[in-house]
Amino acid sequence: MAAAITWSSASGALCRELLLTLMLLTLACDACEKFTLHVPSKLDAEKFIGRVNLKECFNSANLIHSSDPDFRILDDGSVYTTRAILLSSEKRSFTIFLSNAENQEKKIVVVLEHQTKKRHSKEKVLRRAKRRWAPIPCSVQENSLGPFPLFLQQIQSDTAQNYTVYYSIRGPGVDREPTNLFYVERDTGNLYCTRPVDREQYESFELIAFATTPDGYTPEIPLTLVIKIEDENDNYPIFTETIYTLTVVENCRVGSTVGQVCATDKDEPDTMHTRLKYSIIEQIPASPTLFSMHPSTGVITTTSFQLDRELIDRYQLKIKVQDMNGQYFGLQTTSTCIINIEDVNDNLPTFTHTSYVTSVEENIIDVEILRVTVEDKDLINTANWRASYTIFKGNENGNFKIVTDPKTNEGVLCVVKALNYEERQQVVLQIDVVNEAPYSQEATALRSATSTATVTINVENQDEGPECSPLVQIVRIKENAPEGTQINGYKAYIPETGSSSGIRYKKLNDPKGWVSVDENSGSITIFRSLDREAEAIRNGIYNVTILASDKDGRSCTGILGIILEDVNDNGPFIPKQTVIICKTTMSSAKIVAVDPDEPIHGPPFDFTLDSASDSNLQIMWELKKINDTAARLFYQNDFPFGLYKVPIRVTDRQGQSKVTLVDVVLCDCVTESDCTDYRSPQTGNRQVKLGTWAILAILLGIALLFGILFALVCGASGTGRQQKAFPDDLAQQNLIVSNTEAPGDDKVYAANEFTSHTVGSSAQAVCGTMGSGVKTGGQETIEMVKGGQQTLESCRGAGHQHTLESCKGGGHHTLDSCRGGQVDADNCRYTYSEWHSFTQPRLGEKVQMCNQNDDHKPVQEYVRTYSYEGKGSVAGSVGCCSERQEDDGLEFLDHLEPKFRTLAETCIKR
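Residues numbered from 1 in each chain as written. Predicted model: local features only at pLDDT ≥ 70, side-chain atom pairs only at ≥ 80, totals over all residues. Heavy atoms only, no water.

(A) Representation of the overall build of the protein chain within the structure. For the protein chain, the count of helices and strands is nine helices and 56 strands. Burial status across the protein chain gives 38% buried among its 910 residues. At a minimum sequence separation of 6, the contacts of the protein chain that also span at least 24 residues come to 65%. When the accessible surface of the protein chain is split by element, carbon and sulfur atoms take 52% of a total near 52500 Å². (Helix = DSSP H or I, 4+ residues; strand = E, 2+ residues; numbered from the N terminus. Buried < 20%, exposed > 50% of the residue type's maximum accessible area, 1.4 Å probe, protein only. Contact = heavy atoms within 4.5 Å. Areas by Shrake-Rupley, 256 points an atom, 1.4 Å probe, with all protein chains shown as cover.)

Written out as structure tokens, the structure is:
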């Protein structure tokens, strides 16, 4: 039993140990191998201190993190410091955490140990030894043929004497494109190249070499190793263009630059492989040699001045470029260069014939008579080839012109002004030709600048009828020549014979009808008095148009200018016959005279007062001569303002005189423009000058008056009448209701036996002068009749209401409703004189009374008429018109309605 317990206890203890071991193993699976790096006690910032093999710990890790911020871990496991660190103890550790996308994590413990002299007993010897860990020059021949792998050199660190050192490299050609081109043996440091390299693709490679101990310690700083690719002449030089096209002008000087060609070479610059040499292999046409090429720059120049476009207009060169400075073993390439010769004006246009003969009829224009041709070797359809023709001699009268045909380059000679056979039977022209472009200096120095041809033109005669030449012919005659005087007229002639026989004349235009023309001879006969001073005469010449024709009806027209010789038949006169003298500022007025005759019969003038009609002129006025044509008129006494008639005689140098009656205005003004109103002191008549606006206002007033009268006539006769009702108080015959619109009886008779109106009729005009006066548009109508009775009617016209007020007066009063009715014919027997004698004194009395108040003093209120403006007020209309109450019969005023009491109190004199 005890043994069983003991075994049981032993078995439990063993299980516990196994479980603990299993847990330790599980935890150990999350941790990787610990790395120890030997570093100096002082580390600079961004210093590489070693490398940790991360892939052996966690191959799929994509996230790397350091527990100590002083250290930075790269993807390849390189460890760098982030700042300067001073190790205070011999050891310092930190952890590198690795994780992947599946959240699996692992960690690596890195221990930094301070290097001590005890650990490396031979350190002093190593410091004194010669170090080989430095950049070693290295190169690889381009396009090397091997054998591969090709040994380049060995990299070695002196620390290998004390440690086991592994060598490795990184950079382009190793782990970057082109990958796997170089590799290094880990143990020996031998560097190899695996395949050929093209220098034009990769000129050099910069590799980083590392030397590390098996435990990851880096005893050497990374070494930069540059491998240069040695160039090989494996690229041909290439021209930049397949075919070059250049241009050079003809006749250019020797050494003129034509152009430049250029080639490129991809081999290493500044070596013999890229030192190029240019040359011309062939010229077509071959002879003569005209071009050369600079071997280094490729510039092509001329070697001769014999470039002539008219002989050869294009050259072709075969050119070559070769590297290795043109040595025979250098690589070469060829190309083609085409050189076009540009034209200059070095060839003159020359006439194909030096003389031409042609003919043309007289009296024709705008016709082509000749074409001249030229030859020009310059380039066709350019300014160097196009010809420009001029008539150098023989065209003084401008009968011809020559132009260039743009298609054929011919000169076209035309007639632009008619020729006259009778004047010239032959014309000789000299024609020159040049180009539009100026000649080049070289061509001008060698040859003449122009080419000349002679053109002989024969003028052919035409039977052209009479000729009026000269067009204007002049004759002279005195202006006082008597009627019937005959003088020479217009003469035309036949050009072929020079005779005027058989020509008939006719007058086409005679402005004043002063002359007649003889049909056969063309002589002029005066049959009306001539007047040199007439309006149709200019500069003393009277023009008559004459038509001359032959028997075949061919004609010409000429002008006969009749010079009217002046005679002294006009006395001088004063054109300004009204002068103004402002007495406040002036004492005289200037008198100017003119004479329509010639100056020989004109001034100097003599001015005198013609006192034959009035002996007081010499006392009142005085004339003083200013110059040959003017005098000044002074008044000698203090005359009243007004208009005075002063006769002034003006005599010319030949004694011809004329009296002009001058109106002299003495005015109270400052300037002459201020004097617009004056009258004669003898008659007292006043002259008023109306301005433009005053005359316009008068005309508008007259037009307005006629418009009003026309409206009254149309309104009285054309407005339709409506049936009106009589007021209810008709029995009283005094006051009426004026605003009623009810229809009345057909016939209403007034108690005064004078008026009788028919409702709906129109009033006759003859009765309107003494009976009713009706005014449309709402105006008052006052009707006065003979017999001491007064009738004030309230008229209603065209649908408007009218209010008429009764003024008190003597006799019986009747208020009647004359609603546009017709007055009976028996009421029309009273004449206008009776009506006028009855109304005039009464109307005057009433107007005077209406203008006074109760104390018979003037008041400010007057009788006025008003237009209808709608419905009136309840109180009605109140006026100041009153009559004297001398008769009875107004008791009804005591029984009026309230709205009429105010009116009644106003009308009754208190």
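(B) Local environment of the sheet that holds strand 33 (residues 426-435). The strand order 27-34-33-30 describes an open sheet built from four strands, whose pairing is mixed. Two strands lie at the open edges of the sheet, namely strand 27 (355-361) and strand 30 (387-393), each paired on one side alone. Across the sheet, the axes of successive neighbouring strands diverge by a mean angle of 30 degrees, strand direction being ignored. Strand direction decides the pairing type here: strand 33 and strand 34 (residues 451-460), joined by eight bridges, are antiparallel. What sits directly across from valine 428, in strand 34, is threonine 456. (Pairing = 2+ DSSP bridges. Axes fitted to C-alpha atoms, helices over the stretch in contact; angles between N-to-C directions.)

(C) Region of the structure containing the nonpolar core. Ile477, Trp514, Ile562 and Leu564 are the most contacted members of the largest nonpolar core, which totals 25 residues. Within the residue set of this core, elements represented by two or more residues are strand 35 (472-478), strand 39 (524-526), strand 40 (541-549) and strand 41 (555-565). In this view, leucine 564 contacts Ile477, Glu479, Trp514, Leu530, Asp531, Arg532, Ile537, Gly540 and Tyr542; residues no more than four positions away in its chain are not counted. One finds Ile574, Ile581, Phe607 and Tyr644 within the second-largest nonpolar core, a separate group that totals 24 residues. (Core = buried A, V, L, I, M, F, W, Y, C linked by side-chain atoms within 4.5 Å.)

(D) Fine view of the packing of aromatic side chains. Applying the stated criterion across every chain yields a total of 15 aromatic pairs. Centroid distance tyrosine 202 to phenylalanine 205: 5.4 Å. Interplanar angle 35 degrees. Geometry classified as tilted. Since its relative accessible area comes to 25%, tyrosine 202 is described here as partly exposed. Since its relative accessible area comes to 2%, phenylalanine 205 is described here as buried. One aromatic cluster in this structure is built from Phe48, Tyr80 and Phe210. (Phe/Tyr/Trp six-rings, centres within 6.5 Å; stacked < 30°, edge-to-face > 60°.)

(E) Main features of the state of the cysteines. Applying the stated criterion to the full structure yields three disulfides. Here cysteine 468 engages in a disulfide with cysteine 556; their sulfurs sit 2.0 Å apart. Torsion about the S-S bond of the cysteine 468 and cysteine 556 cystine: about 75 degrees, corresponding to right-handed handedness. Remark: cysteine 556 occurs in strand 41 and cysteine 468 occurs in the loop between strand 34 and strand 35; sequence separation between them is 88 residues. Accessibility classification places cysteine 468 together with cysteine 556 in one group, the buried group. The disulfide that involves cysteine 582 links it to cysteine 669, with 2.0 Å between the sulfurs. Handedness of the cysteine 582-cysteine 669 disulfide follows from its S-S torsion of about -95 degrees: it is left-handed. Of the two residues, cysteine 582 sits in strand 42 (residues 578-582) while cysteine 669 sits in the loop between strand 48 (657-667) and strand 49 (677-679), which places them 87 residues apart along the sequence. Judged by its relative accessible area of 0%, cysteine 582 is buried. Judged by its relative accessible area of 4%, cysteine 669 is buried. Free cysteine cysteine 138: the closest other cysteine sulfur is in cysteine 193, separated by 9.1 Å. (Disulfide = S-S within 2.5 Å.)

(F) Expanded view of the environment of valine 109. Within the secondary structure, valine 109 is located in strand 9 (residues 105-114). Separated by 16 residues in sequence, valine 109 and serine 93 place their C-alpha atoms 7.0 Å apart. Among residues more than four places away in sequence, those in contact with valine 109 are Glu33, Lys34, Phe35, Phe94 and Thr95.

(G) View of the pattern of salt bridges. Scanning all chains against the criterion turns up 21 salt bridges. In this structure, lysine 645 and aspartate 663 form a salt bridge, with 2.7 Å as the shortest nitrogen-oxygen distance. Within this pair, whereas lysine 645 is found in strand 47 (residues 642-651), its partner aspartate 663 is found in strand 48, the two being separated by 18 residues in sequence. Accessibility expressed as a relative area gives 47% for lysine 645, which makes it partly exposed. On the basis of relative accessible area, aspartate 663 is assigned to the buried category, the value being 17%. Among the ionic contacts, a cluster of salt bridges with common partners joins Asp68, Asp70, Arg83 and Arg92. (Salt bridge = Lys/Arg side-chain N within 4 Å of Asp/Glu carboxyl O.)

(H) Representation of the sheet that holds strand 47 in the model. One open sheet holds the four strands; their spatial order is 42-48-47-44, and the pairing between them is mixed. Each of the sheet's edge strands pairs with one partner strand only, and the pair in question is strand 42 and strand 44 (606-609). For this sheet, the mean inter-axis angle between neighbouring strands, taken without regard to orientation, is 35 degrees.

(I) Just the confidence of the model for the protein chain, in detail. Averaged over all residues, the pLDDT of the protein chain is 75; the fraction at 70 or higher stands at 71%. Taken as a whole, residues 20-29 scores under 50 in pLDDT and shows one contact with residues more than four places along the chain or in a different chain. (pLDDT = per-residue confidence, 0-100.)

(J) Structural detail: the environment of alanine 534. The topology assignment puts alanine 534 in the loop between strand 39 and strand 40. Taking C-alpha positions, alanine 534 is 9.7 Å from proline 596, a pair spaced 62 residues apart along the chain. When residues no more than four places from it in sequence are discounted, the contact partners of alanine 534 are Lys512 and Trp514.

(K) The arrangement of the environment of lysine 590 in detail. Position of lysine 590 among the secondary structure elements: in strand 43 (residues 588-592). Sequence-wise, lysine 590 and lysine 624 are 34 residues apart; in three dimensions their C-alpha atoms are separated by 9.6 Å.

(L) Quick look at a nonpolar patch on the surface. A surface patch of nonpolar side chains, about 490 Å² in accessible area, is lined by Ile695, Ile698, Leu699, Ile702 and Phe706. Locating leucine 699 in the fold gives a position in helix 6 (residues 692-718). (Patch = residues over 30% accessible without salt bridge, like charges linked within 9 Å, V, L, I, M, F, W, Y side chains within 5 Å.)

(M) Broad picture of the pairing of strand 18 (residues 243-249). The alternating pattern of strand 18 places Tyr244, Leu246 and Val248 on a buried face, while none of Ile243, Thr245, Thr247 and Val249, on the opposite face, is buried. Bridging between strand 18 and strand 25 (residues 332-342) involves seven bridges; their strand directions are parallel. From the neighbouring strand, threonine 247 faces strand 25, where its bridge partner is asparagine 340.

(N) Here's a closer look at the side chain of aspartate 405. Within the fold, aspartate 405 resides in the loop between strand 31 (400-404) and strand 32 (411-415). A polar side-chain atom of aspartate 405 sits 3.4 Å from a polar atom in the side chain of threonine 408. If we ignore the near neighbours within four places in the chain, the residues touching aspartate 405 are Arg371, Glu410 and Val412. (Polar contact = N/O pair within 3.5 Å; in protein donor to acceptor, adjacent residues only side chain to side chain.)

(O) Spatial organisation of unusual backbone geometry. Each neighbour pair has its own omega, and for glutamate 177 with proline 178 the value is -5 degrees, a cis peptide bond. Structurally, proline 178 is set in the loop between strand 12 (166-170) and strand 13 (182-184). Here asparagine 325, not a glycine, exhibits a phi torsion of approximately 60 degrees, which is positive. Even without being glycine, aspartate 366 reaches a positive phi, approximately 55 degrees. Its place among the elements puts aspartate 366 in the loop between strand 27 and strand 28 (367-372).

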